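One letter stands for each residue in the lines below.
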Amino acid sequence: MRLPALGTIRVSRTDGIRALVVLGLMAIGLFLLPAVLTVDWMGVLAAAACYTITALGLGILVGRVGLVSMGQVAILEIGAWIGARLLFATSLPYPVVIVITAILTGVIGTIIGLPALRLSGLYLALITLMLAGAVTILLSVTNFPNGAGGFLGYDSSTTIPPSIRRPSIADSDTGFWRYALVVTLIMFLVALWHVRSKPGRAWAAIRQSEPSAMAAGINITFYKLWALLLASTLTGVGGALLAGSSGQLYQTAFSTDQSIQLLAVVLMGGAYTLWGALVAGFLFSVVPHILDLWHLNSSLLLILFGVGVLQVLTTAPQGIAVQFPKDMANLGRLIWRGVRLVVPARGGAGA
Amino acid sequence: MPSWTQLQPFIVTGLSLGGVYALSGTGIVVLYRTTGVLNLAFGAIGMFGAFLSWQLIHEEGWPQGLGFLAAVAFSVVAMWLYGMVFGPPLAQRDPLVKASATLGFALILLGASSWIWSAAGGATRFQPIPTDTHHFSVGEAMVNWTQVIALAVGVLVVVLTGALLRFTRLGTAMRALANDREVSAVLGVPVRRVEAVAWLWAGVLSGVSGLLLSDLVGLDQVTLTFIVLISSVAAALIARLRSILGTLVAGLGIGLVDACAQPFSGISRYHDMAPFVLALVGLLFVTRKGGALAGRRIV
Amino acid sequence: MRRNLVRGRVTAVLGVAALTTALVVGVTSSSGAASTSVSQSKGGKSVCGLGNGKKATGSPIKLGAINTQQPGTDFTDIGLMAKAYFDCVNANGGIYGHRIAFTEETESTTAQTASAAAKKLIEGIKVVGLVGNSSIIEADINHKYYEQKGFYVIGAGIAVSAYSTSHFASINMGPRYSSDGAAQWALSKKPDKLIFDQSNVPGTGYNAGGVALIAKKYKVPYKLETDNVPIQDGKSVAQRLVQDAGKNGVVVLNFTPPEALKILQGAQQQGLQDDVKAWACSTPCNTDFLAASLGPGWYGKLGVNAELNLTSAKAPDSALYRSVLKQYGKAVKGGLGSFSQMGFTAGRIATQALLDMGPNATYTAKTVNAAFKAVKDFKTDILCKPWYYGKGSFHLPNNTDRTVTPSKDGKVMVQLQGCFGIDPVDPEVAAARKIEAKQ
């Protein structure tokens, strides 16, 4: 098996259609949603964008390489901490902060995953589960920066904590949602580029069969490491965005059960396609707001996610992003068939 | 620096909690070796059982013994049902998928339990076990019988399970399954029956550890579902998901380190990181020493 | 800042104007019975609103609240009890015939849910006032937004900003001052050391500030400790605290009920409760759940700071609270307790403010919030002293409280110490008293 060189990405006709769909979605997100939705939705959507980026990274790890991280929210927490620290400490432009945060988070996430990488995937999953618990404890000791000095940037006696800064062009909630949406698009392109070029093909080979990938001369550890680095880096981007979106960060938003829920929505959305990340972000951030809108108990969300994971894993492993259009197509065909059955019958009766 | 007399009580609490970690860890390892399912709903099932028994005893007025039995019965049934319903469709899938599916079950139980037993109005619940109030002292430390039971049950279960695996036909069948399912099936091992036994046994262990933890830790959904689970999984992980005896030692070790870090003011606040740190050290040790293990699929 | 000040004055003037109109209109319309018609009491008994038994059908006045709800933490009882009280008001003439339409929103201790809830209420549902907000983080996240929108929240605070900002006033006195009160009781036992242990959440330094000053005043050595929540091993925590405090020391806890319970139980199971002079606890411990969970043996040993009267108190407002909870409070899951008491009191204060606007008032966000801000000298037997809002840059209307302890039979909380003032050595308490003296 010879791998085409990096950079030779073939563009097919369906790509044109996809690009149109993406453009349409962007137009809806940038202009239609802020126009029709009330302002409370803008913060929710911005958070959904942050979690979509995180889910994108986790989805690549799960779907492309077959590695599962059960502690991705812990990495997100690290990213949010670094982002918040930089935003308080420096006056660097927001995009620069995002890039630095992404690099640092990427490195940290990779180092943490390193020892488990050479063992089976189960070990990585379990060590990341423990990481989720450990980072929670670490950050509840250090706390999130609240504008103070020192390395930790936290002063426990602050009475009115200042908000984490946002980009000057996106200070309002609507502005920040648009900003986050554009960043999300860029991250999707980064992910797409990876999936379509050499690393993507290497991952596909590793997922098919590790021995044959090894026989084909693929450096398995290297590409697994790459996937881990990419996932952590994307999560770092999500964290830096989340810092600005939240204004103030609390450790309570990054608990162990949040990590598990994130994995749940990534599996439900479908890890084998990048679209799954959109569904995951929607499930993780928008659905709770909808439940709240209907005044339903928030515990229902956990049950929903639990049932969703079991359902997806047993019957539709490709997730909602793939399954839903199929179901809709089937439904459409069914309706069409029904219509065809009914219409001639009527015609017959009339004649 | 705490003195030796000051340290003693922490050793007692550490050993008792460690005993339960070992108990849960053993359940996780046995189930994993037999069925290939790393059950991360282990804590959630025990948690739900413990809440159920609290409800039956404190709200419905059941006698305590019957309530405790109901908790174990619930865990056994829940564990077994899960195994029977979701075992077959996932049998051919990657161990990671099987483990992730159990997380779905854990979320359902966590959601249902925090819905039924909400914290509204500052509600707190406590389930005393009669042995709580019987104390004796060892050196400088006060010990109550629940703590003794926790440690004793932990050790006993590990020994019993180890003996079962080694000396009975069922145990041999379980070990055969752990080694190679297909070959075992061909050789006439009744796969489904053996698996069912493993699920039932895991249910018993999860129910008992849930009850003990509801007393030792408290009736607190998230803590019992994930935080305690992390300690038990760490114990199993350090034992490389294989050795029962290793799980016991690791479980006790985690309990001890966690509790004994408390009185040292420098590290006191980080003491709950013990399972992660120990598991990480364990993993590094495994990868360094066990070159043969690296890349090899376990089970 | 300056603009805020000016706007503050304008709204205050408006508020006073509304109040005067109310009084004048009241006097002229009901021939001298003005004071009783707006005081929510009849013949020495407290009633809901006008208390006339007529169902309110007029155009609604929209109010709302934001409460924390997530596995393990649930403050919805506060909003739900405020709603129960408003339902009772609606069944008793409403606000001069106007119905109160109340919406409770929940947040799950994330910035986006807290912020979305506030924006949904104010800009989506268009509520004209917020009554009964109680959340771990909400006040920190939203106080700037409330300042922008001119909302004066009547809440039950936990976050620092529920006390330190101009647009949020709480029924309770929150972790810092409640810990002060708990420490004061503990220090009355004349210990030789005080250990103050809290959960490791934002605001710990602020919360500990008062206790440190009070310990210093009593010349008792003081040590601050923190524990991560959820606590996994309450026994070890209890053991550590007892060792650090020593035989003649006291331990003061500031935790949510389940976490405090883990520590106290840990002490009990190891037979440690008598190894220190006393245990004290800030207000969250004041639940009968906790008393019942601990059982006998803690009477006088554990002092819990209580910001509100006992739920069983024989007094008009407390009696009304119990009957409203019984008749309208089906949704209040926790039943009798400080959570629902706070919701009740918040609802009652808001109703009073609305009635004080007079029968012909228009209810906009501007007028209603001006009325909230104008609340002063609100007397209720649920609080030790009259409650007020006012224009302070911070709010601490509740700064006098009680101490309760588990009963001898270990079933409920009973009073151990009547109303006492929080020590003004805590500078914010002194500042609050100065504001009160001016009024």
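Residues numbered from 1 in each chain as written. Chains lettered and ligands numbered in written order. Predicted model: local features only at pLDDT ≥ 70, side-chain atom pairs only at ≥ 80, totals over all residues.

Peer 1: It is not clear to me how the overall build of chain B should be interpreted in this structure. Could you clarify?
Peer 2: Helices and strands together make up the secondary structure of chain B, namely eleven helices and two strands. The C-alpha atoms of chain B give a radius of gyration of 19 Å, which matches the 19 Å a tight globule of 299 residues would have. Split into buried and exposed, the 299 residues of chain B put 58% on the buried side. Pairs at least 24 apart in sequence give 74% of the contacts found in chain B among residues at least 6 apart. (Helix = DSSP H or I, 4+ residues; strand = E, 2+ residues; numbered from the N terminus. Rg over C-alpha atoms; globule rule 2.2 N^0.38 Å. Buried ≥ 20, exposed ≤ 12 C-beta atoms within 10 Å, placed from the backbone. Contact = placed C-beta atoms within 7 Å.)

Peer 1: Any chance you could explain the overall build of chain A here in plain terms?
Peer 2: Looking only at helices and strands, chain A features 13 helices and zero strands. For chain A, the succession of helices and strands along the chain, N to C, is α-α-α-α-α-α-α-α-α-α-α-α-α. Its C-alpha radius of gyration of 22 Å places chain A within 12% of the 20 Å reference for a compact globule of 351 residues. If you line up chain A on its principal axes, its C-alpha atoms span 90 × 55 × 35 Å.

Peer 1: Even after reading the chapter, I still don't get the nonpolar core, so can you show me in this structure?
Peer 2: One finds Val309 of chain A together with Ala183 and Val252 of chain C to be the most contacted residues of the largest nonpolar core, which totals 352 residues. Of the residues forming this core, the biggest block, 18 residues, is contributed by helix α2 (residues 40-65) of chain A. Those residues in contact with Ala183 of chain C that lie beyond four places of it in its chain are Leu194, Phe196, Val211, Ile214, Ala215, Val252 and Ala280 of chain C. (Core = buried A, V, L, I, M, F, W, Y, C linked by C-beta atoms within 7 Å.)

Peer 1: How do you make sense of the confidence of the model for chain A when you look at a structure like this?
Peer 2: Detailed reading of the predicted coordinates is not advisable wherever pLDDT falls low. All names here are of chain A. For chain A, per-residue confidence averages 88 on the pLDDT scale, and residues scoring 70 or more make up 94% of the total. Put simply, helix α13 (residues 320-350) is where chain A has its lowest mean pLDDT, 73, and helix α3 (residues 72-89) is where it has its highest, 96. Contacts for the low-pLDDT stretch residues 1-7, under 50 throughout, to residues beyond four places or in other chains number eight contacts. Contacts of residues 347-351 to residues separated by more than four positions or lying in other chains number zero contacts, the stretch itself having pLDDT below 50. (pLDDT = per-residue confidence, 0-100.)

Peer 1: Hey, could you run me through unusual backbone geometry in this one?
Peer 2: Leaving glycine out, the prevailing phi sign among residues is negative, and the prevailing peptide bond configuration is trans. All names here are of chain C. Residue Pro230 follows Val229 across a cis peptide bond; omega there is -5°. Counting through the fold element by element, Pro230 comes out in the loop between β10 (222-227) and α9 (234-245). A positive phi angle, close to 55°, is found at Lys190, a residue other than glycine. The topology assignment puts Lys190 in the loop between α7 (174-187) and β9 (193-199).

Peer 1: Would you take a moment to explain the interface of chain C and chain A for this structure?
Peer 2: Accessible area lost on assembly of the parts is the figure often given for the size of an interface. Taken together, the 32 residues of chain C in the interface contact 30 residues of chain A. At the level of elements, β3 (58-70), β5 (98-107), α4 (111-125), α5 (138-149), α6 (161-164) and α8 (204-217) of chain C are the ones that each hand at least two residues to the side of chain C that touches chain A. Sorting elements by how many residues they give to the side of chain C that touches chain A places α4 of chain C first, with nine residues. The class makeup of the residues in the side of chain C that touches chain A is nine nonpolar, 18 polar and five charged. (Nonpolar A, V, L, I, M, F, W, Y, C, P; charged D, E, K, R; others polar.)

Peer 1: It is not clear to me how the sheet that holds strand β14 (residues 400-406) of chain C should be interpreted in this structure. Could you clarify?
Peer 2: Backbone hydrogen bonds hold the strands of a sheet together, and the pairing may be parallel or antiparallel. Residues and elements named next belong to chain C. Strand order in the open sheet made by the seven strands is β10-β9-β11-β12-β13-β14-β15, with mixed pairing throughout. Since the sheet does not close on itself, it has two edges, and those belong to β10 and β15 (413-421), each with one partner. Here the strands of the sheet are splayed against their neighbours by 25° on average, with no regard to which way each runs. Note that β14 and β15 share six bridges and pair antiparallel. Note that in β15 the partner of Val404 across the bridge is Gln415. Together, β9, β10 and β11 (249-254) form the strand contacts of α9, whose direction differs from that of β9 by roughly 155°. (Pairing = 2+ DSSP bridges. Axes fitted to C-alpha atoms, helices over the stretch in contact; angles between N-to-C directions.)

Peer 1: For this particular structure, what's the right way to read the environment of Ile57 of chain B?
Peer 2: Residue placement: Ile57 of chain B occurs in helix α2 (residues 42-59). Non-local contacts of Ile57 of chain B, meaning those with residues more than four positions away in its chain, are made with Trp62, Gln64 and Gly67 of chain B.

Peer 1: Help me out: how do you make sense of helix α10 (residues 256-269) of chain A in this one?
Peer 2: Each α-helix turn comprises 3.6 residues. Residues three or four places apart therefore point the same way. All names here are of chain A. The end-to-end C-alpha distance of α10, which contains 14 residues, comes to 20 Å, matching closely the 20 Å that a straight helix rising 1.5 Å per residue would cover. Most of α10 is tucked away: 14 of the 14 residues are buried. Of the residues one or two after α10, Gly270 is the one with positive phi, at around 110°. (Expected span 1.5 Å × (residues − 1).)

Peer 1: I would appreciate a short explanation of the environment of Thr136 of chain A in the present structure.
Peer 2: Residue and element names in this part refer to chain A. In this fold, Thr136 is placed in helix α5 (residues 121-142). A residue is classified by how many C-beta atoms lie within 10 Å of it, and Thr136, with 26 of them, is buried. The contacts of Thr136, once residues within four sequence positions are left out, are Ala74, Gln251, Phe254, Ser255 and Thr256.

Peer 1: Quick question: what am I supposed to make of the interface of chain B and chain A here?
Peer 2: On the chain A side, the residues contacting the 43 residues of chain B number 39 residues. Breaking the side of chain B that touches chain A down by element, the ones donating at least two residues are α3 (64-90), α4 (95-116), α9 (221-238) and α11 (274-289) of chain B. Looking at which element gives the most residues to the side of chain B that touches chain A, the answer is α4 of chain B, with 16 residues. In the side of chain B that touches chain A, the residues fall into 33 nonpolar, six polar and four charged.

Peer 1: How should I be thinking about helix α11 (residues 275-293) of chain A in this particular structure?
Peer 2: Its 19 residues place the ends of α11 of chain A 26 Å apart at the C-alpha level, agreeing with the 27 Å of an ideal helix rising 1.5 Å per residue. Phi for His295 of chain A, located one or two positions after α11 of chain A, is positive at around 55°.

Peer 1: How should I be thinking about the confidence of the model for chain B in this particular structure?
Peer 2: All names here are of chain B. With 96% of its residues at a pLDDT of 70 or more, chain B shows a mean pLDDT of 88. Ranking the helices and strands of chain B by mean pLDDT puts α2 first, with 95, and α11 last, with 81. Reported for the predicted complex are a pTM of 0.88 and an ipTM of 0.90.

Peer 1: Any chance you could explain the environment of Asn297 of chain A here in plain terms?
Peer 2: Residue and element names in this part refer to chain A. By secondary structure assignment, the location of Asn297 is in the loop between α11 and α12 (299-315). For Asn297, a count of 18 C-beta atoms within 10 Å puts it in the partly exposed group. Linking Asn297 and Arg178, residues 119 residues apart in sequence, is a C-alpha distance of 30 Å.

Peer 1: Even after reading the chapter, I still don't get the pairing of β9 of chain C, so can you show me in this structure?
Peer 2: Successive residues of a regular strand alternate their side chains across the two faces of the sheet. Residue and element names in this part refer to chain C. When you tally the buried positions in β9, you get six out of seven residues, the bulk of the element. Here β9 pairs with β11 via six bridges, running parallel. By the bridge assignment, Asp197 is partnered in β11 with Leu253. Judged from the six bridges that link them, β9 and β10 form a sheet pairing that is parallel. Among the inter-strand pairings, Phe196 is bridged to a residue of β10, identified as Leu224.

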